[in-house]
Amino acid sequence: MSNAEEGKRGEHLHPPTAKLDDKVLYEETTFSGPLPRGAATFTSATSDSDEDGDAFHKNPFLDPDVAEHWSNVYEKSTYECRAEFDPAFTWTEEEEKKLVRRLDWRVCLWACIMFFGLQVDRGNLVQAVSDNFLSDLHLNTNGKIYAFCYDYNFGNVIFLFSFLLAELPSQLVSKKIGPDRWIPMQITLWSIVAMSQCAIQGKKGFYATRSILGLLEGGFIPDIVLWLSYFYTSRELPIRLSYFWTTLSATTIVTSILAFALLHMRGVAGWAGWRWLFLIEGLITFLVGVASFFMMPASAVQTKAWYRPNGWFTEREVKIVVNRVLRDDPSKGDMHNRQAVTPRRLWNAAKDYDLWPLYAIGLVAYIPQSPVNTYITLTLKSVGFSTFNTNLLTIPSSAAHIITLLLITRLSEWTNERTLVSMLQPIWTLPCLIALRFWPGSLHQAWGTYALVSVLLSYPYCHAILVAWTSKNSNNVGARSVSAALYNMSVQLGNICANFIYRTDDKPLYHRGNRNLIIINLLSIGLFLFTKAYYIWRNKQKARIWNALTPEQQREYKVNTKLEGSRRLDFRFAH
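Reading the values: the criteria
- Residues numbered from 1 in each chain as written.
- Predicted model: local features only at pLDDT ≥ 70, side-chain atom pairs only at ≥ 80, totals over all residues.
- Heavy atoms only, no water.
- Core = buried A, V, L, I, M, F, W, Y, C linked by side-chain atoms within 4.5 Å.
- Buried < 20%, exposed > 50% of the residue type's maximum accessible area, 1.4 Å probe, protein only.
- Contact = heavy atoms within 4.5 Å.
- Phe/Tyr/Trp six-rings, centres within 6.5 Å; stacked < 30°, edge-to-face > 60°.
- Helix = DSSP H or I, 4+ residues; strand = E, 2+ residues; numbered from the N terminus.
- Axes fitted to C-alpha atoms, helices over the stretch in contact; angles between N-to-C directions.
- Left-handed = near helix turned anticlockwise from the far one by under 90°.
- Nonpolar A, V, L, I, M, F, W, Y, C, P; charged D, E, K, R; others polar.
- pLDDT = per-residue confidence, 0-100.
- Parallel < 35°, antiparallel > 145°, perpendicular 65-115°, else oblique.

If you look at the biggest cluster of nonpolar residues, it comprises 116 residues, and the most contacted ones within it are Met 114, Phe 220, Leu 241 and Trp 245. Apart from the residues within four sequence positions on either side, Leu 241 is in contact with Val 225, Leu 228, Ala 464, Val 467 and Ala 468. With 20 residues, the next largest nonpolar core counts Ala 128, Tyr 207, Leu 263 and Trp 274 among its residues.

Let us now look at the packing of aromatic side chains. To describe a pair of aromatic rings, you give the distance between the ring centres and the angle between the ring planes. Throughout the structure, instances matching the rule amount to 32 aromatic pairs. Judged by centre distance (6.0 Å) and plane angle (75°), the ring pair of Phe 133 and Phe 278 falls under edge-to-face. With Phe 133 in helix 5 (residues 133–136) and Phe 278 in helix 11 (residues 273–295), this pair connects stretches of sequence that are 145 residues apart. Each of the two residues, Phe 133 as well as Phe 278, counts as buried. Members of the aromatic cluster, joined through ring pairs, are Trp 469, Phe 530, Tyr 534, Tyr 535, Trp 537, Phe 571 and Phe 573.

Packing of helix 6 (residues 150–177) against helix 9 (residues 220–229) leaves a shortest axis separation of 8 Å and a crossing angle of 35°. Two packed elements cross with a definite hand, and for helix 6 against helix 9 that hand is right-handed. Residues Glu 167, Ser 170, Gln 171, Ser 174 and Lys 175 of helix 6 pack against Phe 220, Pro 222, Asp 223 and Leu 226 of helix 9. Taken together, the residues of the contact of helix 6 with helix 9 break down into three nonpolar, three polar and three charged.

Further remarks concern the confidence of the model for the chain. For the chain, per-residue confidence averages 82 on the pLDDT scale, and residues scoring 70 or more make up 86% of the total. Considering only residues more than four positions removed or in separate chains, one finds that residues 1–53, a stretch of pLDDT under 50, has 123 contacts. Confidence over residues 141–148 falls short of pLDDT 50; this stretch has 26 contacts with residues more than four positions distant or in other chains.

In this structure, Thr 78 takes a positive phi of about 50° despite not being glycine. For Thr 78, the position within the fold is in the loop between helix 3 (64–76) and helix 4 (93–130). Judged by its relative accessible area of 39%, Thr 78 falls in the partly exposed class. Of note in this structure, Asn 416 is not a glycine but carries a positive phi near 55°. Along the chain, the position of Asn 416 falls in the loop between helix 18 (395–415) and helix 19 (419–422). The partly exposed category is assigned to Asn 416, whose relative accessible area is 46%.

Below, the discussion takes up the packing of helix 10 (residues 237–262) against helix 18. Remark: helix 10 packs on helix 18, axes separated minimally by 9 Å, with the N-to-C direction vectors making an angle of 175°. Comparing their axes, helix 18 and helix 10 come out roughly antiparallel. Across from Pro 238, Ile 239, Ser 242, Tyr 243, Trp 245, Thr 246, Ser 249, Ala 250, Thr 252, Ile 253, Ser 256 and Ile 257 in helix 10, the residues of helix 18 making contact are Ile 395, Ser 398, Ala 399, His 401, Ile 402, Leu 405, Leu 406, Thr 409, Arg 410 and Glu 413. Of the residues contributing to the contact of helix 10 with helix 18, the split by class is twelve nonpolar, eight polar and two charged.

Laid out in C-alpha cells, this is it:
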C-alpha cells in the first residue's frame, strides 16, 4: 500500500472533525512521528547537551506515545541494546564530545584500516601493470603500451561483475551472523587469494583470481557502513565515511611509494617485481584481517571479551552511546544485530521506488572519472614517463582527492544540503573532460596531459554523502542493509559500464569515448537536479496527507500503521 493510499485510508476511517484552530501544530522529523511544538512541559527531561532548547528535536521519546511505541518495538525485536534504552536519561555536551572522540579512535580508525586492506588488494593491479605484468603473462597488448588491453580490461570486468554479484548476498550474511564476524572473515579470505596472485602464470589464472577476489570483497563496504551505523548518528556518519574514503586516496599514496620499492625487487629469487608486490601487500592485508577479529565489537553493549575484560565504556557511557543513536534514529533498534533479513523485508526494500533516484545517481555519477583513473599509469607511460616515476606521479592527485573529499563532506554537513553539494563532483569534472576531448595537446604533451589528468582525478568525491544519504532515507535497519547493497551494486554496475567507454577502434586519443564521458557527466548533473525536485515533491505530498489528519488520527497512525521505513507518512526524505 502506498503512502497516499494509507493516508486516504486514515481519512476515510476517521474523517477530520476538529477545526484547524483546534489542531496541535506539529513539526516533522525524518525518523518517527510528528513532534508537538511548544511542549515546554517536557524540556526538563532533555539532554543537557541540547543548547537550542528544542527538546523534542533532540529527544523524540519525550512524547510518551512515541517512547511506549518504540519500547515495544525494541522488546519485540530483542534489540541487543534495549536494556540501556532510557527516554529520560541525560548527559552533558562535553561527555558526548569526549565519547565521540573515543569512538573515532576505536571504531572509525579501525574501519579505515580495514578499508586500507581492501584498497591495497583491490587497487594494486594498477601498479602491477606499470611493471611488466601484461607482457610476462602474455596478455593482449597488441605490442603497444597504450593499446586497448582486451585481456586486462576483461579481467577488470570479471572482477567488477563478481564484486557486484556478491554485494547483496554478503550483506544478508553480515546481517545474519553480524558484521563483527563476517568482515574479518572476508578480509582474511581475500588476502589469501591476493597473495596467491604472485603465482599467476597466464590468462586463466589472472581471470580466476580476479573473480574470486571480487566475490570475497563484494559487500565489504555496505557491511562496514552497517557496523558504523551502530555507533554514529545520521549527522555524524557522512563525516566518518569521508574519513573512510580518504583511506582510498591515502592507500594509493602509500602503495605507490611501496610499489616504487617492491617493483625494484625484479630479479630477486628469480621473480618479477609485480610478484613480490602481490605477495607482500597480500600479507599486509592478512594481518589486518586477523587483527579485525579482535578489534570489532558487535555493538556498544558488547565490547567486553576475554581479551578485553574491561570493555571500551563505563556503564554510563554505554547508555550515552545507545540513547544518542536511538534518539537520532529510533528505527536502528527494530532488528537485533544477529537477525537475518527476511524475504519479505528484502522484497519490500528492493521495490522501494523512493530510493531509486539514489541508485540511478550511483549508476551514473562515477563513470566519467573511472576510465581515466583505471588507465592513469598506462596513460603516463604512453606519454614518456618511466615505470617508477609513473607510480610516484599518481601521488599528488591522490593527496588533492583527500582534501576535496573532506571539504565536500564538511560542506554538506555545515549546510545540511546533500544534492547540490554532491553535484559539485560532476561540475568539477566537466571542464576537464571537455579539455581531454578538445585540447590538441591531450595525450601528446606529457606534462600538460599529466596536469589535466591530475586535476580531473582530484575531484571532490561525493560517495560518502550518497552512502549516508541512502542509509538515512531507508529509515529501517532491514531496509538499510538492503539499500546499502543495492546502491553499491549500482555503483559497481556503473564501473562495469565504464570499462567499455574507451574502445580499440577509438584509440589512441579516444575522442568518441571522451565525448561519451561528457554526455554521461551532463546526465549525472541532470539526475542530481531531478532527485532534489523529486524528494521535495514527495515530502510535500506526504505533508499534505499528514496535515489533513487530526492529532488523534496521527497518534493512532503512529501506533498502528503496518508500513515501515520511508513508506511511513510521518517520514520525510533528506535531500
